[in-house]
Amino acid sequence: MAKKKLERIAEVKTFPNVSHAGAELKGQWHTIFKNGRPMTLELGCGKGDYTLALAQQHPERNYIGIDLKSARLWAAATQAMQKSLSNVFFIRANALDLTDIFAPDDIAEIWIPFPDPYPQKPRKRMTAARYLEVYKKICRPDARINVKTDDEALYEFSLATIADYGCTIHQKIAAVHADDATEELGIMTFYEKRHLAAGRSIKYIQFSLP
Ligand SMILES: C[S@@+](CC[C@H](N)C(=O)[O-])C[C@H]1O[C@@H](n2cnc3c(N)ncnc32)[C@H](O)[C@@H]1O
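Bear in mind the structure is a predicted one, so any value in this text is a computation, not a measurement.

Engineer: Tell me about the pairing of strand E6 (residues 139-149), and name the residues and values.
Structural biologist: Of the pairings in the sheet, the one linking strand E5 (residues 107-113) to E6 comprises six bridges and is parallel in character. Its bridge partner lying in E6, Pro-113 is registered against Lys-148. Relative to strand E8 (residues 203-208), E6 runs antiparallel, the two sharing six bridges. Across the sheet, residue Thr-149 finds its bridge partner in E8, namely Lys-203.

Here it is, written out as structure tokens:
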């Protein structure tokens, strides 16, 4: 591994806005965000493009980015500190382990922008039933879950899984155009820009759990 990456992986462990052992925070979120405001999760946040943009759009809410990769979280957390965003926090964790970190009804909203499509392993997709089961245990009943993808197979799989699970679909767009985009949907991550430049259409689903 490159030396710079190793240095970042070591350094991010010292950052005040990143946790590597999210379990210590279960039931203790008031010690991180001392305002009791709604918490939104971004799952698979990578370098945090969505979390950072949402946090700037909505200073009245709190945002938590979750990813498996420390080096990406270094980039996300560094930007949050440079922008002095006090409504942002990051956790290195597997999205399957969210019930270790959050209690029932903790989460008001979830964003999942450009999840890995896992073409050969659908059960690893963040819209697979076992993930929905986890989200149900930590979300408020009215929580909306937002998925963006360029991947046709993941889009169709998600629609089918969500329907099978008994979720309510509030919006589905097979090709998001600038006209459709709300302020939140209009946020573009590194991956979205790359997909658009390659001529791919962006798909969007918003749903809530049964
Ligand atoms: C294609 S990237 C998208 C990053 C970001 N959402 C964006 O649009 O720029 C997918 C990210 O999901 C993360 N990831 C994949 N499976 C995960 C899991 N089970 N739990 C947490 N993060 C995961 C990967 O490490 C990667 O950073």
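Engineer: Explain the sheet that holds strand E7 (residues 168-173) residue by residue, including any values.
Structural biologist: Read across the sheet, eight strands follow the order E1-E4-E3-E2-E5-E6-E8-E7 without closing on themselves; strand pairing throughout is mixed. The outermost strands of the open sheet, each flanked by one partner alone, are strand E1 (18-19) and E7. Direction of pairing for E7 relative to E8: antiparallel, over a ladder of five bridges. Along E8, the bridge assignment pairs Lys-172 with Ile-205. Sitting on the sheet, helix H2 (residues 49-57) touches strand E2 (39-43), strand E3 (62-67), strand E4 (88-92) and E5, and the angle it makes with E3 is about 180°. Lying on the sheet, helix H3 (residues 70-82) is in contact with E1, E3 and E4; it crosses E4 at an angle near 170°.

Engineer: Go over the site of the ligand, please, and point to the residues and values.
Structural biologist: Residues in contact with the ligand amount to 20 residues; listed here are only the nearest, Gly-44, Gly-46, Ala-95, Phe-114 and Thr-189. For the shell around the ligand, the elements supplying multiple residues, two or more each, are H2, E3 and helix H6 (190-197). Here the residues of the shell around the ligand are counted per class, giving 11 nonpolar, four polar and five charged.

Engineer: Any chance you could break down the nonpolar core for me, citing the residues and the numbers?
Structural biologist: Membership of the largest hydrophobic core comes to 45 residues, with the highest contact counts inside it found for Ala-77, Ile-107, Ile-110 and Tyr-135. Tallying contributions element by element places H3 first for this core, with five residues. Here Ile-107 is in contact with Met-39, Leu-41, Phe-102, Ile-138, Cys-139, Arg-140 and Ala-143, once residues within four sequence places are set aside.

Engineer: Please provide a residue-by-residue account of the environment of Asn-87, values included.
Structural biologist: When you line up the elements, Asn-87 lands in the loop between H3 and E4. The sequence separation of Asn-87 and Phe-33 amounts to 54 residues, and the corresponding C-alpha distance is 6.9 Å. Aside from chain neighbours lying at most four places away, what touches Asn-87 is Phe-33, Ala-55, Pro-59, Arg-61, Asn-62 and Tyr-63.

What counts as what
- Residues numbered from 1 in each chain as written.
- Predicted model: local features only at pLDDT ≥ 70, side-chain atom pairs only at ≥ 80, totals over all residues.
- Pairing = 2+ DSSP bridges.
- Helix = DSSP H or I, 4+ residues; strand = E, 2+ residues; numbered from the N terminus.
- Contact = placed C-beta atoms within 7 Å.
- Axes fitted to C-alpha atoms, helices over the stretch in contact; angles between N-to-C directions.
- Near = placed C-beta within 6 Å.
- Nonpolar A, V, L, I, M, F, W, Y, C, P; charged D, E, K, R; others polar.
- Core = buried A, V, L, I, M, F, W, Y, C linked by C-beta atoms within 7 Å.
- Buried ≥ 20, exposed ≤ 12 C-beta atoms within 10 Å, placed from the backbone.

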